[in-house]
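If you want the building blocks of each chain, they are given just below.
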Amino acid sequence: MALNTVFPEVHNFLSKPTQLFIGGQWVDAVSKQTFEVENPATQQVIAHVAKGDAADVDLAVDAANKAFKTWRYEIPATRARLLFKLADLVEKHTEELAQILTLDNGKPLLYSRHECGAAAHILRHFAGFATKVEGRQVPVSGAPNGAFLNYTLRDPVGVCGLIVPWNFPLTMCIWKLAPAMAVGCTAILKPAEQTPLIAVRLMQLFEEAGFPAGVVNLVTGMGIDVGQPLSAHMNVNKVAFTGSTMVGKAIAQQATSNMKRVTLELGGKSPNIILPDADLSKAIPGAAQAIFYNQGQVCTAGSRLYVHEKVLDEVLDGLCKQAQGMKIANGLDEASTMGPLVSERQYDRVNRYIEQALADGAELLTGGKRPEGFDKGYYLEPTIFLDREEKACISKEEIFGPVLTVMSWSDTDELVERANNSIYGLAAGIWTQDLSQAHRIAAQLEAGSVWVNCYNVVDPVSPFGGYKQSGWGREMSHDVIEAYTETKNVCVNLY
Ligand code: NAD
């Protein structure tokens with residue numbers, strides 16, 4: 001599919017100036033400034049988006065505080081109904097939303113469609129939670145039974161600043177907005193400056209679904225102009241962030257202004273482990289998907305592959321074939337399985353890591369350069385290095401691109417130590433037919449998600465988040481409901 005065959009409604013959407021959404025109104029930034037958004041496959045400017053700053057954040061925070069006064073008391077079944085309606089709208093517009101995602105982020109249409117499907121699924125999951133936010137009745141331990149009625153309530157935490165990255169521009173918004181809306185919080189959404197377009201279209205769908213004015217607000221712009229004042233704001237009660245560990249640390253500090261609640265989903269350098277008895281017909285494509293999916297721009301990417309020495313040659317051979325078999329093309333091409341990286345900055349960053357890996361003595365097995373036939377766009381071949389000594393910087397640092405580092409191992413205890421030897425602890429994978437061994441290793445890994453004979457199975461029922469510098473708190477599952485609520489204890493003397 002070429003750009004001239006995208007839906008007319010997508011052309012129409014891109015041709016209109018995109019504004020901020022504050023208090024139910026579409027408005028220009030106070031400064032009247034805009035910024036350009038580029039298609040990473042062609043490097044063409046496809047839209048001009050309102051460039052918000054602290055003045056717009058103030059207006060959005062005021063609108064969200066005003067809306068919170070009523071939204072928090074909205075009938076839970078009404079909140080659920082609105083979320084179900086939004087899910088239906090996302091599903092109805094999947095093809096259009098997928099095209100916007102691909103134009104903005106570069107990812108293949110196939111994966112943009114998956115993202116829309118996941119967004120609808122997560123919205124429905126949390127719509128169900130709106131009517132199931134419960135407290136507990138707890139007997140007072142130092143009094144006769146029945147003397148007190150002692151119970152807990154869960155109150156919405158309040159106005160939430162939601163700051164999201166560019167790698168999953170739709171689902172990252174939904175991961176945060178769905179539970180926030182379900183429990184009665186209001187929100188200011190700040191999408192990544194590289195991929196703001198889907199958030200703009202999402203606000204239009206919120207409007208169409210009938211969410212009251214001010215319940216959800218959008219301020220597009222740069223991290224320093226919008227994300228920083230939002231996370232430091234005195235009238236914001238919580239900030240939920242997904243992105244780099246470096247910015248996560250800054251946000252944690254900014255949030256101390258009023259001791260706002262903070263959840264952080266940060267970087268990773270996740271170990272993926274192949275045992276000698278693994279079914280290699282599954283482990284090899286699984287390990288390739290674990291790193292190359294979404295051009296490697298995934299926080300859980302299985303970027304450190306530990307292969308048992310007995311099967312190393314076979315795995316390396318299979319992995320190189322998988323990498324070379326990927327169809328690198330503009331994401332709008334239905335055959336594409338790998339699109340461009342998101343931006344020039346990200347492309348340069350990943351290339352710098354490839355140069356450093358070579359300087360560090362890692363062996364380049366495949367890839368490592370721009371594919372032939374592309375004179376525009378931030379395309380990069382899927383790349384595999386073997387790092388025998390595990391000394392190259394690519395074995396330690398998060399690259400956030402399609403670059404795999406393979407290492408071999410022989411002793412299980414030493415393997416676990418090496419796998420845990422990271423500042424991160426987001427995810428891990430284990431490939432084996434010996435499930436006792438899999439459970440033993442899983443119990444020892446310092447990671448928020450461990451996948452056995454699969455990878456990146458992310459589902460709203462499963463808590464998601466990291467150990468160590470991969471973040472604070474958990475998203476998804478029951479856990480996220482706690483992250484968007486405060487617990488109140490009420491104690492009543494019955495005598
Ligand atoms: P980033 O952390 O700089 O940006 C993420 C979001 O934070 C964006 O919306 C950005 O505008 C905002 N932001 C930036 N500075 C801010 C500040 N001081 N206060 C508040 N908000 C701020 O990520 P990036 O520059 O887009 O990517 C850099 C690296 O981050 C990547 O190479 C990758 O390693 C990592 N990353 C991780 C994830 C993840 O899901 N864990 C996602 C994207 C990027």
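Computed from a prediction, not measured in an experiment: that's the story for all the values here. (Residues numbered from 1 in each chain as written. Predicted model: local features only at pLDDT ≥ 70, side-chain atom pairs only at ≥ 80, totals over all residues. Heavy atoms only, no water.)

**As for the nonpolar core**
- Leu177, Met181, Phe211, Ile274, Leu319, Val406 and Tyr484 are the most contacted members of the largest nonpolar core, which has 116 residues in total.
- If you count residues domain by domain, this core takes at least three from each of domain 1 (3-266 + 470-490) and domain 2 (271-460).
- The contacts of Met181, once residues within four sequence positions are left out, are Trp71, Arg79, Leu83, Thr186, Ala187, Phe206, Phe211, Val215 and Val216.
- Of all hydrophobic cores here, the second largest spans 24 residues; its members include Val159, Val226, Ala252 and Leu264. (Core = buried A, V, L, I, M, F, W, Y, C linked by side-chain atoms within 4.5 Å. Buried < 20%, exposed > 50% of the residue type's maximum accessible area, 1.4 Å probe, protein only. Domains from an automatic or database assignment. Contact = heavy atoms within 4.5 Å.)

**Structural notes on the UniProt feature "active site" (unreviewed entry) in the protein chain**
- According to UniProt, the positions carrying the feature "active site" (unreviewed entry) are Glu265.
- Considering the arrangement of structural elements, one finds Glu265 in strand β10 (residues 261-265).
- Excluding residues within four positions of it along the chain, Glu265 makes contact with Phe241, Thr242, Gly243, Leu426, Phe464, Gly465, Gly466, Ser470, Gly473, Arg474 and Glu475. (UniProt positions renumbered as here; feature names shortened; annotations may be inferred. Helix = DSSP H or I, 4+ residues; strand = E, 2+ residues; numbered from the N terminus.)

**A closer look at the site of the ligand**
- Of all residues adjacent to the ligand, which total 28 residues, the nearest are Trp166, Lys190, Glu193, Ser244 and Glu398.
- Note that an oxygen atom of the ligand is positioned 2.7 Å from one of the side-chain N or O atoms of Ser244.
- One nitrogen or oxygen atom from the side chain of Arg345 is found 3.3 Å from an oxygen atom belonging to the ligand.
- Against a free-state accessible area of 820 Å², the protein chains account for coverage of 92% of the ligand.
- Of all the elements in the fold, those that place two or more residues in the shell around the ligand are α8 (223-232), β9 (238-242), α9 (245-254) and α12 (344-359).
- Of the residues that constitute the shell around the ligand, the class distribution is twelve nonpolar, ten polar and six charged.
- Both domain 1 (3-266 + 470-490) and domain 2 (271-460) contribute no fewer than three residues apiece to the shell around the ligand. (Near = heavy atom within 4 Å. Polar contact = N/O pair within 3.5 Å; in protein donor to acceptor, adjacent residues only side chain to side chain. Areas by Shrake-Rupley, 256 points an atom, 1.4 Å probe, with all protein chains shown as cover. Nonpolar A, V, L, I, M, F, W, Y, C, P; charged D, E, K, R; others polar.)

**Section: the domain arrangement of the protein chain**
- Per the domain assignment, the segments of the protein chain are domain 1 (3-266 + 470-490) and domain 2 (271-460).
- Taking only C-alpha atoms into account, the centre of domain 1 sits 30 Å from that of domain 2.
- With 33 residues of domain 1 in contact, the opposing surface of domain 2 contributes 34 residues.
- For the domain 1 and domain 2 pair, buried surface summed over both sides reaches about 2800 Å², with 58% attributable to carbon and sulfur atoms.
- For the domain 1 face of the interface with domain 2, the top three residues by lost area are Tyr111, Trp166 and Ser470, together amounting to 21%.
- The tally of links from domain 1 across to domain 2 stands at one salt bridge. (Buried area = accessible area lost by both parts, 1.4 Å probe. Salt bridge = Lys/Arg side-chain N within 4 Å of Asp/Glu carboxyl O.)

**A look at the UniProt feature "domain: Aldehyde dehydrogenase" (unreviewed entry) in the protein chain**
- In the numbering adopted here, UniProt assigns the feature "domain: Aldehyde dehydrogenase" (unreviewed entry) to residues 26-490.
- Across residues 26-490, the secondary structure splits into 39% helix and 20% strand, with the terminal C-alpha atoms separated by 41 Å.

**So, the environment of Ala359**
- Following the sequence through the fold, Ala359 ends up in helix α12.
- For Ala359, a relative accessible area of 62% translates into the label exposed.
- Between the alpha carbons of Ala359 and Cys393 there is a distance of 9.8 Å; along the sequence they are 34 residues apart.

**Considerations on the packing of aromatic side chains**
- Per the stated rule, a full pass over the model turns up eleven aromatic pairs.
- Ring centres of Phe374 and Tyr379 lie 4.1 Å apart, and the angle between their planes is 35°; on these two criteria the pair is classed as tilted.
- Each ring, one from Trp451 and one from Tyr455, has its centre 4.9 Å from the other, and the planes form 55°; the classification is tilted.
- A network of ring pairs unites the aromatic residues Trp71, Phe206 and Phe211 as a single cluster. (Phe/Tyr/Trp six-rings, centres within 6.5 Å; stacked < 30°, edge-to-face > 60°.)

**Some details on the side chain of His233**
- With respect to the helices, strands and loops of the structure, His233 is situated in the loop between α8 and β9.
- By relative accessible area, which is 13% here, His233 ends up buried.
- Ignoring sequence-local partners within four residues, the contact set of His233 consists of Val57, Asp58, Val61, Ser257, Asn258 and Lys260.

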